[in-house]
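The primary structure of each chain is shown beneath.
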Amino acid sequence: YPWALASFRAGLPVVFSRVADLPPEAADDAASYAGIGLGAHVGVPVLVSGEFLAVLGVAAMREERAWTDEFVVRMRLLAELFGSALARHAAEERARQATAHAAHAREQLAHLARVDAVGAMSAAIAHEINQPLMAIENYAHAGRRRLSGAGDVDHATDAWDTIGNTELRVDLAA
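Attention in this report is confined to the structure presented alongside it. Every chain is numbered independently, its residues counted from 1 as its sequence is written. Confidence filtering applies because this is a predicted model: local features only for residues at pLDDT of at least 70, side-chain atom pairs given and counted only at 80 or more, and all residues used for totals across whole chains, interfaces and linings. The basis for every side-chain value is the complete set of non-hydrogen atoms in the structure, without hydrogens or water.

## Description of the pairing of strand 2 (residues 38–48)
- The buried count for strand 2 comes to 10 of 11 residues, which makes it a mostly enclosed element.
- At least two bridges found by DSSP between two strands are what make those strands a pair. Per the convention used, a helix needs a DSSP run of H or I reaching at least four residues, while a strand needs a run of E reaching at least two, with both numbered from the N terminus. The sheet contact formed by strand 2 and strand 3 (residues 51–61) spans 10 bridges and is antiparallel. When the bridges of strand 3 are listed, V44 appears paired with L56.
- Linking two consecutive strands that pair antiparallel, namely strand 2 and strand 3, is a turn of 2 residues; a positive phi of about 55° is found at S49 within it. The rule is simple: take the accessible area with a 1.4 Å probe, protein chains only, and divide by the maximum for that residue type; under 20% is buried, over 50% is exposed, in between is partly exposed.

## Section: the packing of aromatic side chains
- Two aromatic rings, drawn from Phe, Tyr or Trp (for Trp, its six-membered ring), form a pair once their centres lie within 6.5 Å of each other, and the interplanar angle then sorts them: stacked below 30 degrees, edge-to-face above 60, tilted otherwise. On inspection of all chains with the given rule, the structure shows 4 aromatic pairs.
- With centroids separated by 5.1 Å and ring planes inclined at 40°, the aromatic side chains of F16 and Y33 adopt a geometry described as tilted. Of this pair, F16 sits in strand 1 (residues 14–16) while Y33 sits in helix 2 (residues 27–35), and the two are 17 residues apart along the sequence. With respect to class, F16 is no different from Y33; both count as buried.

## Quick notes on the environment of F16
- Its relative accessible area of 2% is what places F16 among the buried residues.
- In this structure F16 touches D21, L22, Y33, L38, G39, A40, H41 and W67, once residues within four positions along its chain are discounted. For this analysis, residues touch if any pair of their heavy atoms sits within 4.5 Å.

## So, helix 2
- Residues of helix 2 that are buried include every one of D29, A30 and Y33, and no others. An end-on view of helix 2 places all buried positions within 100° of arc, on one side of the element. Within helix 2, the exposed residues directed more than 90 degrees away from the buried face are D28, A31 and G35.
- On its buried face, helix 2 is in contact with helix 1 (2–9), strand 1 and strand 2.
- Of the residues flanking the end of helix 2, it is G37, one or two places downstream, whose phi is positive at about 80°. Arc definition: it is the arc formed by the directions from the helix axis to the C-beta atoms.

## Some details on a nonpolar patch on the surface
- Side chains of V118, M121, I125, I129 and L133 sit close together on the surface and give an oily, nonpolar patch of about 470 Å² of accessible area.
- Among the secondary structure elements, M121 is positioned in helix 3 (residues 69–148). Patch criteria: residues need more than 30% relative accessible area and no salt bridge. Like-charged residues are merged within 9 Å; nonpolar side chains of Val, Leu, Ile, Met, Phe, Trp and Tyr are merged within 5 Å. All accessible areas in this document rest on Shrake-Rupley with a 1.4 Å probe, and a residue is counted as covered only by the protein chains that are shown. Salt bridge, as applied in this entry: a Lys or Arg side-chain nitrogen positioned within 4 Å of an Asp or Glu carboxyl oxygen.

## Details of helix 1
- A4, S7 and F8 are the residues of helix 1 that are buried. Angularly, the buried residues of helix 1 cover 100° about the axis, an arc narrow enough to put them on a single face. Exposed residues on helix 1 whose side chains face more than 90 degrees from its buried face are P2 and R9.
- Lining the buried residues of helix 1 we find strand 1, helix 2, strand 2 and strand 3.

Below, the structure written as structure tokens:
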């Protein structure tokens, strides 16, 4: 039905009361209609956002039928209703998908925030642990230097006391 399809795509209805009423350029369509026993037909394009989507049609088989202008107008209104319903359904589906996508993005953002918080806490804990450990190491090196070099036992004892106090602070922090 190439002629009818071209008409529908152009937004035009195809209306005939008998196959013989079709224009000469619709000869292939007329032969197909006659072959299936179609006597009369009203076909109105269903458009969604101005694009051809489907055809709303009524046919009389094996007989001719005169279609009134009022009937064709009502068919057009019905096709517009179907087109509006389909457009609304498509818009609702897009909105549903957008809502689902936004929810997924919020979940990902919340996950990233949790990962960032855990990373910040890990860095803070590492700093709190490393600082006393580095102090212990520095005091131990100082004590070793004092014991090995000058032989000043009192200063070395002070360094070891400081190490003991630092270890105590690490234990209390835990």
